[in-house]
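Reading the structure
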Amino acid sequence: MKAIPKKRAASREEKQHNQVVNAHHSSRRAFCSGLLAATGAIAFPAIGGYNAKVTVIGGGFGGAIAAKQLKILNPNLAVTLIEQHKAYYTCPLSNLVLAGVVPVKTICHKYTTLSQHGVRVVHGRAQKTGNGSVILTDGSQVPYDRVLVAPGIDFYNNRLPGYSAKDTARIPHAWRAGEQTTILRRQLEAMPDGGVVIIMPPPPPYRCPPAPYERTGLIAHYLQLHKPACKILILDSKEGFSQQTLFTDGWENFYGDMIEWRSAEAGGLVEAIDINRMMVKTEFGEERGDVINYIPPQHAGEIAINSGLTDDSGWCPINTLTFESTQIAGVHVIGDAAHAGRMTKSGYSASAQGKAAAAAIVNLLQNNAPPTSNLDNICHSLVTPDYGISVTSAYRADGQTIVPIDKATSMSPRKASAEIRHQEARQARAWYDSITAEMFG
Ligand SMILES: Cc1cc2nc3c(=O)[nH]c(=O)nc-3n(C[C@H](O)[C@H](O)[C@H](O)COP(=O)(O)OP(=O)(O)OC[C@H]3O[C@@H](n4cnc5c(N)ncnc54)[C@H](O)[C@@H]3O)c2cc1C
């Protein structure tokens with residue numbers, strides 16, 4: 001392992017990137033408080049002689065924030081959140097759970113405070129929506145004037161010969177956090193020193209493009225401390241990945257040759273898996289893993305498919321100003337499930353979309369034009385628990401698509417001091433604390 005350079009003055013590039021990250025963090029805070037100042041004190045007249053009903057499906061980064069924001073913007077709205085689970089486990093920070101740096105309870109959040117903000121929380125699984133009501137799997141119905149669908153992702157479980165949905169206990173994806181995170185963590189703890197972890201990232205588009213590579217570094221951090229003879233083999237279905245040089249520089253610096261990444265062309269494309277033998281077959285032969293983390297290809301959550309909200313891509317086409325489905329009127333889709341142009345599928349994006357959609361719904365219910373909203377994203381990633389990198393973007397929506405604004409994308413510089421990387425790791429934790437407080441505080 002090479003030593004990291006001693007503390008020195010930040011370069012212009014480092015300072016510039018830090019300013020952009022800080023500006024994004026404070027514009028997010030200003031955006032929230034600006035909305036509050038503009039509309040929080042106004043009691044909107046009830047439409048049609050009653051309080052409009054807005055139902056939100058899914059209490060993740062998109063849905064929980066949107067439900068709360070709807071109540072903030074118009075306290076008269078009757079907002080119902082339908083969420084299948086009693087607790088929400090965040091994917092952000094779940095790679096630190098895999099590394100044994102934080103316990104799984106750190107990423108667990110309850111919905112109790114949302115009720116205190118006036119949101120009615122119904123725990124149940126939504127089966128289908130459309131025509132003014134949401135039908136739950138127990139047969140009950142929740143009516144709406146507008147519905148916001150934020151179910152996140154589901155998986156194509158039949159794309160890899162030898163693997164099916166029933167295999168997730170043996171081959172955990174850990175791409176939805178909670179039980180899956182715990183299973184993968186236990187497998188890492190149980191594997192012998194000298195063993196091999198195979199990570200198989202999915203093809204795009206998928207939830208959180210840098211996360212398989214953050215996972216790699218943080219698993220390496222654990223192995224280096226406890227089982228230094230282990231290897232990690234990434235068998236990738238792609239030719240490159242997000243912030244590649246920043247990750248590979250960091251891996252080399254901290255973990256030497258513990259990590260091997262193979263692109264699709266270099267033999268990374270996996271053709272089949274034999275779970276009994278824990279072998280994966282590639283074009284160039286077989287590889288054995290003591291732990292195999294296959295992350296299947298993804299599509300919008302099942303409720304979106306059941307309701308006819310998806311198109312051939314497997315994602316939900318939307319009007320990018322209002323997040324209203326282009327397939328079913330009165331139904332809005334946000335977060336990972338939405339086809340939101342070039343916006344990254346992330347918790348940060350889902351929360352920005354949740355706020356924008358809430359503002360659009362409040363205005364549409366009163367026959368006002370929807371406001372133009374800020375859409376931005378920061379993906380923070382860790383190479384070690386103390387070494388962070390990030391990419392930030394601001395976006396412009398025109399109704400049809402969402403594209404990054406020129407010169408508003410900034411990536412951590414390739415050369416940076418240990419102090420800057422440490423600062424970025426602290427910013428990642430600060431972002432997590434602030435967004436989970438926004439959702440559940
Ligand atoms: C390992 C990893 C690390 C990540 N790190 C980051 C990060 O650092 N920063 C970041 O911004 N993003 C990160 N992400 C991405 C982030 O987790 C997702 O993009 C984000 O969760 C998407 O939010 P969402 O609201 O669309 O979906 P989700 O957060 O998945 O929420 C969907 C909710 O809907 C519920 N639901 C689904 N279907 C139904 C139904 N039919 N009825 C009732 N409820 C239902 C689910 O139970 C869930 O609570 C990471 C992802 C992974 C896998």
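Residues numbered from 1 in each chain as written. Predicted model: local features only at pLDDT ≥ 70, side-chain atom pairs only at ≥ 80, totals over all residues. Heavy atoms only, no water.

Notes on the overall build of the protein chain
- Along its length, the protein chain carries 11 helices and 25 strands.
- Each of the 441 residues in the protein chain was classed as buried or not, and the buried ones make up 56%.
- Considering only residue pairs separated by 6 or more positions, the protein chain has 68% of its internal contacts joining residues 24 or more positions apart.
- On the protein chain, roughly 18300 Å² of surface is accessible, and the fraction owed to carbon and sulfur atoms is 52%. (Helix = DSSP H or I, 4+ residues; strand = E, 2+ residues; numbered from the N terminus. Buried < 20%, exposed > 50% of the residue type's maximum accessible area, 1.4 Å probe, protein only. Contact = heavy atoms within 4.5 Å. Areas by Shrake-Rupley, 256 points an atom, 1.4 Å probe, with all protein chains shown as cover.)

So, the packing of aromatic side chains
- The tally for this structure, following the rule as stated, stands at 14 aromatic pairs.
- Ring plane angle 50° and centroid distance 6.2 Å describe the contact between F241 and F247, whose orientation is recorded as tilted.
- Looking at F241, the relative accessible area reads 9%, which means it is buried.
- Of the aromatic side chains, those joined through ring pairs into one cluster are F61, Y88, Y111, Y348, W431 and F440.
- Against the face of Y156 rests R159, its NZ or CZ located 3.9 Å from the ring centre.
- If you follow R185 out to its NZ or CZ, it ends over the ring of Y222, 4.4 Å from the centre. (Phe/Tyr/Trp six-rings, centres within 6.5 Å; stacked < 30°, edge-to-face > 60°. Lys NZ or Arg CZ within 6 Å of the ring centre and 35° of its normal.)

Description of the side chain of S381
- Following the sequence through the fold, S381 ends up in strand 22 (residues 375-384).
- Those residues in contact with S381 that lie beyond four places of it in its chain are P210, E214, Q243, F247, Y387, G388 and I389.

Some remarks on the nonpolar core
- Ranked by internal contacts, the top residues of the largest apolar core, which has 107 residues, are L70, V134, L188, L223, W251 and L375.
- The greatest single-element share of this core, amounting to 9 residues, is contributed by helix 10 (residues 347-364).
- Ignoring any residue separated from it by four or fewer positions in sequence, one finds V134 in contact with T55, I57, I82, A126, K128, T129, S140, Q141, V142, Y144 and V147.
- If you look at the next biggest cluster of nonpolar residues, it comprises 14 residues, including Y163, I198, V270 and I275. (Core = buried A, V, L, I, M, F, W, Y, C linked by side-chain atoms within 4.5 Å.)

Quick notes on the packing of helix 2 (residues 61-73) against helix 11 (residues 418-440)
- Running from N to C, helix 2 and helix 11 point in directions that differ by 55°, and their axes come no closer than 8 Å. Overall, the two elements helix 2 and helix 11 adopt an arrangement that is oblique. In this structure, helix 2 uses F61, A64, I65 and K68 to contact helix 11, whose residues at the interface are W431, I435, A437, E438 and M439.
- When the residues that make up the contact of helix 2 with helix 11 are grouped by side-chain class, the tally is 7 nonpolar, no polar and 2 charged. (Axes fitted to C-alpha atoms, helices over the stretch in contact; angles between N-to-C directions. Parallel < 35°, antiparallel > 145°, perpendicular 65-115°, else oblique. Nonpolar A, V, L, I, M, F, W, Y, C, P; charged D, E, K, R; others polar.)

Things to note about the environment of P370
- Tracing the backbone through its elements, the reader meets P370 in the loop between helix 10 and strand 22.
- Between the C-alpha atoms of P370 and A358, which are 12 residues apart in sequence, the distance is 9.8 Å.
- Apart from residues lying up to four places away in sequence, P370 is in contact with T322, A360, N363 and L364.

Thoughts on the sheet that holds strand 12 (residues 231-235)
- Pairing is parallel across the open sheet formed by 4 strands, whose spatial order is 13-12-11-17. Two strands lie at the open edges of the sheet, namely strand 13 (259-262) and strand 17 (291-294), each paired on one side alone. With strand direction ignored, the average angle separating the axes of adjacent strands in the sheet is 15°. (Pairing = 2+ DSSP bridges.)

Regarding unusual backbone geometry
- The omega torsion of the bond from P204 to P205 falls at -5°, within 30 degrees of zero and hence cis.
- Topologically, P205 is positioned in the loop between strand 11 (196-200) and helix 6 (211-226).
- Unlike most non-glycine residues, N131 shows phi in positive territory, near 55°.
- Here N131 lies in the loop between strand 6 (126-130) and strand 7 (133-136).
- Residue N131 is classed as exposed on the basis of its relative accessible area of 83%.
- Of note in this structure, K407 is not a glycine but carries a positive phi near 65°.
- With respect to the element layout, K407 can be found in the loop between strand 24 (402-404) and strand 25 (410-411).

Focus: the sheet that holds strand 7
- Spatially, the 3 strands line up as an open sheet ordered 6-7-8, and their pairing is antiparallel. Looking along the sheet, the strands with just one partner apiece sit at the ends: strand 6 and strand 8 (141-143). Taken over all neighbouring pairs, the strand axes of this sheet differ in orientation by 15° on average, direction set aside.
- With 4 bridges connecting them, strand 6 and strand 7 associate as antiparallel partners.

Thoughts on helix 5 (residues 179-190)
- Taking 1.5 Å per residue as the helical rise, helix 5 with its 12 residues ought to reach 16 Å, and the 17 Å between its terminal C-alpha atoms agrees with that figure.
- Taken as a whole, helix 5 has its buried residues at Q180, T181, I183, L184, R185, Q187 and L188.
- Where helix 5 is buried, its residues touch helix 3 (94-98), strand 11, helix 6 and strand 17. (Expected span 1.5 Å × (residues − 1).)

What to know about the site of the ligand
- Residues in contact with the ligand amount to 36 residues; listed here are only the nearest, G62, E83, Y88, R207 and Y348.
- The separation between an oxygen atom of the ligand and a polar main-chain atom of F61 is 3.3 Å.
- Between S346 and the ligand, the recorded distance is 3.4 Å, taken from a backbone N or O atom to an oxygen atom.
- For the ligand, the protein covers 95% of the area, taking 1000 Å² as the surface of the free molecule.
- The set of elements that each furnish at least two residues to the shell around the ligand consists of helix 2, strand 2 (78-83), helix 3, helix 6 and helix 10.
- The element that contributes the greatest number of residues to the shell around the ligand is helix 10, accounting for 3 residues.
- Its residues assigned to classes, the shell around the ligand shows 16 nonpolar, 14 polar and 6 charged. (Near = heavy atom within 4 Å. Polar contact = N/O pair within 3.5 Å; in protein donor to acceptor, adjacent residues only side chain to side chain.)

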